[in-house]
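# Remarks on the overall topology
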Amino acid sequence: MNDQEIIDLINTTLANEFELNIDDMVPGAVLKDDLGLDSLDRVDMVIVLEKAFSFKIREEEAIREIHTLGDIHNFVIHKKQEME
Amino acid sequence: MSTICPKVIYLAATVVMNIVAYPAIIVWTVLGIIIFPFGFVLCKAFTGWEGDRIMRHFVWIYGRGWLFLMAPFVRFKREGFRDRKISAPCIMVINHLSFFDTYCMALLPVSNIAFTIRSWPFKMPWYAPFMRLANYLDLETIGWDGAFKAGNRVLSKGGSLLFFPEGHRSKDGQIQRFYSGPFKLAVETGVPIQPLCITGTEVLLPPNRWWFLPATICLRALHQVSPKEFTGETAHGDLRKHVKNLMTENLQEMRENLKK
């Protein structure tokens, strides 16, 4: 899976789970202010990403530093590289 | 001539409604504020209810008064209440179209309901003390952790909770994205979800308009949904999607019925 495929999978997974408009899924989108994801959604976001990418990330400190969709893209791409 | 008359009547009704309704609501609110302390003491003495339970009942009576004041201009309909029992406690979820959706909750046959709302209604000084006495939940201030604790307290005392899962009023009348909070609380507590659908308040007073229009308002109760049917890590998400689908189907049907 290349980086663009990872980004596309993240975007479609989150858009489906949280009923977001795929056009709003840009890297600069702030999770809280632009996508309207609250604290509970962030917990759910971790669960759906774990399911989509078959990894465990809920204990990772870096998750707390995520503020934008771009941060998620980078985090997941980095995590996938670590696993390979 | 036959097409002009209904339009003229509608226009006249709209003008009269806006001249009469707002002052009537203000008078009713002031009257409520004056009478409430006496009613509270009497209610406490004769029913033995706790303060928050009494306050919620007074809010319901206030809402009934609002329904009475609006009745000359607004047709109120209830559906699904005869064959579907609203067993308490439950977690009610309803679509959100107008500021006056909360007033329409006086159409419900139960009064022991704590509303979970955003911070701004608590800034209305004429309502805020009563909302605090009724133990309404200010979601924006207390956050989800606080809301779960406060919600659990309400449910454990037999009260029900009411959520607007969309978080804010719909600007186009269409149902919006649902947040997970009420569904997560339902899964954690095992308390059923009571879906409610409302139509017509977006005609009465949508966001970004301050004058009333005559309307037909319909409140429909759907069957309660048990969270026990949903398991696993994604239970609350699955419950949320299931309830939203039910509400979307029913809202579509209600709007089609209105056109007939």
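Preceding block: the structure.
The paragraphs below set out a description of the structure included in this document. (Residues numbered from 1 in each chain as written. Chains lettered and ligands numbered in written order. Predicted model: local features only at pLDDT ≥ 70, side-chain atom pairs only at ≥ 80, totals over all residues.)

## A look at the sheet that holds strand S6 (residues 193-199) of chain B
Residue and element names in this part refer to chain B. On the basis of which strands lie adjacent, the open sheet formed by seven strands has the order S1-S7-S6-S2-S5-S3-S4 and mixed pairing. Two strands lie at the open edges of the sheet, namely strand S1 (74-79) and strand S4 (137-138), each paired on one side alone. Where strand S3 (residues 113-117) and strand S5 (residues 160-163) come together, three bridges link them in parallel fashion. Pairing of Phe 115 across the sheet is with Leu 162, part of S5. Sheet contacts for helix H5 (residues 181-189): strand S2 (91-94), S5 and S6; angle to S2, the most-contacted strand, approximately 160°. In the packing of helix H7 (residues 235-259) onto the sheet, contacts are made with S2, S6 and strand S7 (215-221), and the angle to S6 comes to roughly 30°. (Pairing = 2+ DSSP bridges. Helix = DSSP H or I, 4+ residues; strand = E, 2+ residues; numbered from the N terminus. Contact = placed C-beta atoms within 7 Å. Axes fitted to C-alpha atoms, helices over the stretch in contact; angles between N-to-C directions.)

## Describing the nonpolar core
Counting 55 residues, the largest nonpolar core has Ile 91 and Met 92 of chain B as its most contacted members. Setting aside its immediate chain neighbours within four residues, Met 92 of chain B contacts Ile 113, Ser 160, Leu 161, Leu 162, Phe 163, Gln 194 and Leu 196 of chain B. Counting residues in hydrophobic clusters, the runner-up holds eleven residues, among them Phe 18, Leu 37, Met 45 and Leu 49 of chain A. (Core = buried A, V, L, I, M, F, W, Y, C linked by C-beta atoms within 7 Å. Buried ≥ 20, exposed ≤ 12 C-beta atoms within 10 Å, placed from the backbone.)

## Quick look at the packing of helix H1 (residues 3-18) of chain A against helix H3 (residues 69-83) of chain A
Residues and elements named next belong to chain A. Closest axis-to-axis distance for the H1/H3 pair is 10 Å, and the angle between their directions is 125°. The angle between the axes of H1 and H3 places the two elements in the oblique class. The chirality of how H1 crosses H3 is right-handed. Contact residues: H1 offers Asp 3, Ile 6, Ile 7 and Ile 10, while H3 offers Ile 72, His 73, Val 76, Ile 77 and Lys 80. When its residues are assigned to classes, the contact of H1 with H3 shows six nonpolar, one polar and two charged. (Parallel < 35°, antiparallel > 145°, perpendicular 65-115°, else oblique. Left-handed = near helix turned anticlockwise from the far one by under 90°. Nonpolar A, V, L, I, M, F, W, Y, C, P; charged D, E, K, R; others polar.)

## Some thoughts on the environment of Asn 2 of chain A
Position of Asn 2 of chain A relative to the elements: it lies in the segment before H1. Between the C-alpha atoms of Asn 2 of chain A and Asn 16 of chain A, which are 14 residues apart in sequence, the distance is 21 Å.

## A word on the interface of chain A and chain B
Facing nine residues of chain A, the contacting portion of chain B comprises ten residues. Of all the secondary-structure elements, those providing two or more residues to the side of chain A that touches chain B are H1 and helix H2 (39-53) of chain A. Across the side of chain A that touches chain B, the residue classes break down as three nonpolar, one polar and five charged.

## Comments concerning H2 of chain A
Between its terminal C-alpha atoms H2 of chain A stretches 22 Å, which fits the 21 Å expected from 15 residues at 1.5 Å a residue. Residues Asp 41, Asp 44, Met 45 and Leu 49 of chain A constitute the buried set of H2 of chain A. Down the axis of H2 of chain A, the buried set is contained in an arc of 140°. They therefore lie on one face. Lining the buried residues of H2 of chain A we find H1 and H3 of chain A together with H7 of chain B. Backbone geometry just after H2 of chain A places Ser 54 of chain A at a positive phi near 55°. (Expected span 1.5 Å × (residues − 1). Arc of directions from axis to C-beta.)

## Considering the packing of H5 of chain B against H7 of chain B
Residue and element names in this part refer to chain B. Packing of H5 against H7 brings their axes to within 8 Å, and their N-to-C directions diverge by 120°. Regarding the angle of H5 to H7, the classification is oblique. Our pair here, H5 against H7, has a crossing hand that is right-handed. Side by side, H5 and H7 meet where Phe 183, Lys 184, Ala 186 and Val 187 of the first sit next to Ala 235, His 236, Leu 239 and Arg 240 of the second. Of the residues contributing to the contact of H5 with H7, the split by class is five nonpolar, one polar and two charged.

## Thoughts on unusual backbone geometry
The omega torsion across Ala 88 of chain B and Pro 89 of chain B is 0°, close enough to zero to call that bond cis. Despite not being glycine, Glu 19 of chain A shows a phi value in the positive range, around 55°. Mapped onto the secondary structure, Glu 19 of chain A falls in the loop between H1 and H2. Phi is positive for Asn 208 of chain B, close to 70°, though the residue is something other than glycine. Note that Asn 208 of chain B resides in the loop between helix H6 (201-204) and S7. Look at Asn 208 of chain B and you get exposed, because 7 C-beta atoms sit within 10 Å.

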